[in-house]
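# Examining the three-dimensional arrangement
What follows is the residue order along each chain.
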Amino acid sequence: MGLYPFNRFLHSLINLVEQPVCTFCQKATIADSFGPHLCQNCQSLFLNHKEGHFCKRCAFPLANFQNSCPFCLETKCRFQSAITLGIYQDSLHQATLKMKKLSGQNLAYSLGKLLYKKRLQYIDTTFDYLVPIPVSYRKWVTQGYQTAAQIGRGIAAVSQIPLLPKALRLTREIQKQALLPKTTRIQNTKNAFKPFYTKRLQDKSILLVDDILTTAATANEATKALLHGGARSVVVATICRATIS
Ligand SMILES: [Zn+2]
Ligand SMILES: [Zn+2]
């Protein structure tokens, strides 16, 4: 927590000597006080759901006239609700691919900030902790950083919600969900997470962070582990929502 004012100070010093660039399009942009930036044009591209109307439970994009969610009719979500920036397509699709490389870590941080500024700060829940969904050690080493944890750092920088980066651990290696058919994804993540810091989780409201929500299998299992560890409630926050699997 004490680092944030120092980070802001450091970034303003850097900005005095260096023109900041957008972490997505690399064009020159205006600095803000919290570090890695996104230009206004990219920000508007990422808010890519024209209707802007998402299912309050699972963040599935709905048309304005739609009241029932086709995803929720088929799938039971264990989390209280899900919040997302936009749909997994166009610029957000490219951004998600970019975040899978080490060079995308500043983008992940910027998108975390944007997710808070455009969505999370307007919801009616107070959160005690941010908890990122962990990745396997192998993926962490291959990629060079953990995407969800980095998005969480971006949210923490602008929200002051404390980040508990190791509150969840993997109990075993899991396969990459994107490569699996929908039916296998549930089995792949079943009981894959274990809660840590359970004393700190007791009766706490948790914001669970990841880059993308697709079948909700991973988010459901992570939620189950947090609730089992004593958390009172879990809301899921992701950069984007995929509508196909
Ligand atoms: Zn840009
Ligand atoms: Zn839904």
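Figured I'd write up the structure that's included with this text. What you are looking at is a predicted structure, and each value in this text was computed from that prediction instead of being measured.

A few words now on the overall build of the protein. Of regular secondary structure, the protein possesses 10 helices and eight strands. A compact globule built from 245 residues should have a C-alpha radius of gyration of about 18 Å, and the protein, at 17 Å, falls within 12% of that. Projected onto the principal axes, the alpha-carbon positions of the protein cover approximately 50 × 45 × 35 Å. Put simply, the protein has 245 residues, and 41% of those count as buried. Residue pairs in contact within the protein that sit at least 24 positions apart in sequence constitute 73% of those at least 6 positions apart.

Before going further, it helps to spend a moment on the environment of Arg232. Looking at where Arg232 falls in the secondary structure, it is placed in the loop between helix 10 (217-228) and strand 8 (233-241). Separated by 108 residues in sequence, Arg232 and Asp124 have C-alpha atoms that sit 16 Å apart. Residues contacting Arg232, with those up to four places away along its chain left out, are Asp203, Lys204 and Ser205.

A few words on the sheet that holds strand 7 (residues 205-213). Pairing within the open sheet is parallel, and its four strands lie in the order 3-8-7-4. Looking at the sheet topology across the chains shown, the edges are occupied by strand 3 (81-87) and strand 4 (129-132). Put simply, the sheet's adjacent strands are angled 20 degrees from each other on average, direction ignored. Here strand 7 pairs with strand 8 via eight bridges, running parallel. In the sheet register, Leu208 faces strand 8, and the bridge partner there is Val236. This element, helix 4 (residues 90-98), spans strand 3, strand 7 and strand 8 of the sheet and lies at about 105 degrees to strand 8. Docked against the sheet, helix 10 engages strand 4, strand 7 and strand 8, running at close to 160 degrees with respect to strand 7.

One way to put it is that helix 5 (residues 105-118) packs onto helix 7 (residues 147-159) with a least axis distance of 7 Å and a crossing angle of 45 degrees. Regarding the angle of helix 5 to helix 7, the classification is oblique. Remark: the crossing between helix 5 and helix 7 carries right-handed chirality. In this structure, helix 5 contributes Gln105, Ala108, Tyr109, Ser110, Leu111, Gly112, Lys113, Leu115, Tyr116 and Lys117 to the contact, and helix 7 contributes Thr147, Gln150, Ile151, Gly152, Arg153, Gly154, Ile155, Ala157, Val158 and Ser159. Residue classes in the contact of helix 5 with helix 7 are distributed as nine nonpolar, eight polar and three charged.

What follows covers the packing of helix 8 (residues 182-189) against helix 10. Two quantities define a packed helix pair, namely the angle between the axes and the distance from one axis to the other. Two elements in contact, helix 8 and helix 10, have axes separated by 9 Å at closest approach and are oriented at 25 degrees. Between helix 8 and helix 10, the angle falls in the class roughly parallel. As helix 8 runs across helix 10, the sense of the crossing is right-handed. Two secondary-structure elements touch here, helix 8 through Arg185, Ile186 and Thr189 and helix 10 through Ala217, Thr218 and Glu221. Counted by class, the contact of helix 8 with helix 10 contains two nonpolar, two polar and two charged residues.

Our focus in this paragraph is unusual backbone geometry. Most peptide bonds take the trans configuration, and most residues that are not glycine carry a negative phi. The backbone of Asp90 sits at a positive phi, close to 50 degrees, despite the residue not being glycine. Within the secondary structure layout, Asp90 lies in helix 4. Residues other than glycine seldom take positive phi values, yet Gln160 does so here, at roughly 65 degrees. Gln160 gets classed as exposed once you count the C-beta atoms within 10 Å, which come to 9.

Let's shift gears to the pairing of strand 7. Burial analysis of strand 7 places eight of its nine residues in the buried class, which makes it a mostly covered element. The pairing of strand 4 with strand 7 spans four bridges and is parallel. When the bridges of strand 7 are listed, Leu130 appears paired with Leu207. After leaving strand 7, the chain enters helix 10 and then returns to the sheet as strand 8, a path that is right-handed.

Further remarks concern the nonpolar core. Judged by nonpolar contacts, the single largest core of 64 residues is most densely connected at Leu130, Leu208, Val209 and Leu226. It is helix 5 that contributes the most residues to this core, seven residues altogether. The residues contacting Val209, other than those within four sequence positions of it, are Leu130, Val131, Pro132, Ile133, Ala148, Ile151, Gly152, Ile155 and Ala237.

Residues three or four positions apart in an α-helix share a direction because the helix packs 3.6 residues into each turn. Over its 12 residues, helix 10 runs 17 Å from end to end, which matches the ideal 16 Å to within 8%, given 1.5 Å per residue. Among the 12 residues that make up helix 10, nine are buried, leaving the element largely enclosed by the rest of the structure. Within the sequence span of helix 10, burial applies to Ala217, Thr218, Ala219, Asn220, Glu221, Ala222, Thr223, Ala225 and Leu226. One or two positions beyond helix 10, positive phi appears at Gly230, with a value near 115 degrees.

Rules and cut-offs
Residues numbered from 1 in each chain as written. Chains lettered and ligands numbered in written order. Predicted model: local features only at pLDDT ≥ 70, side-chain atom pairs only at ≥ 80, totals over all residues. Helix = DSSP H or I, 4+ residues; strand = E, 2+ residues; numbered from the N terminus. Rg over C-alpha atoms; globule rule 2.2 N^0.38 Å. Buried ≥ 20, exposed ≤ 12 C-beta atoms within 10 Å, placed from the backbone. Contact = placed C-beta atoms within 7 Å. Pairing = 2+ DSSP bridges. Axes fitted to C-alpha atoms, helices over the stretch in contact; angles between N-to-C directions. Parallel < 35°, antiparallel > 145°, perpendicular 65-115°, else oblique. Left-handed = near helix turned anticlockwise from the far one by under 90°. Nonpolar A, V, L, I, M, F, W, Y, C, P; charged D, E, K, R; others polar. Right-handed = clockwise from strand over helix to strand, strands pointing away. Core = buried A, V, L, I, M, F, W, Y, C linked by C-beta atoms within 7 Å. Expected span 1.5 Å × (residues − 1).

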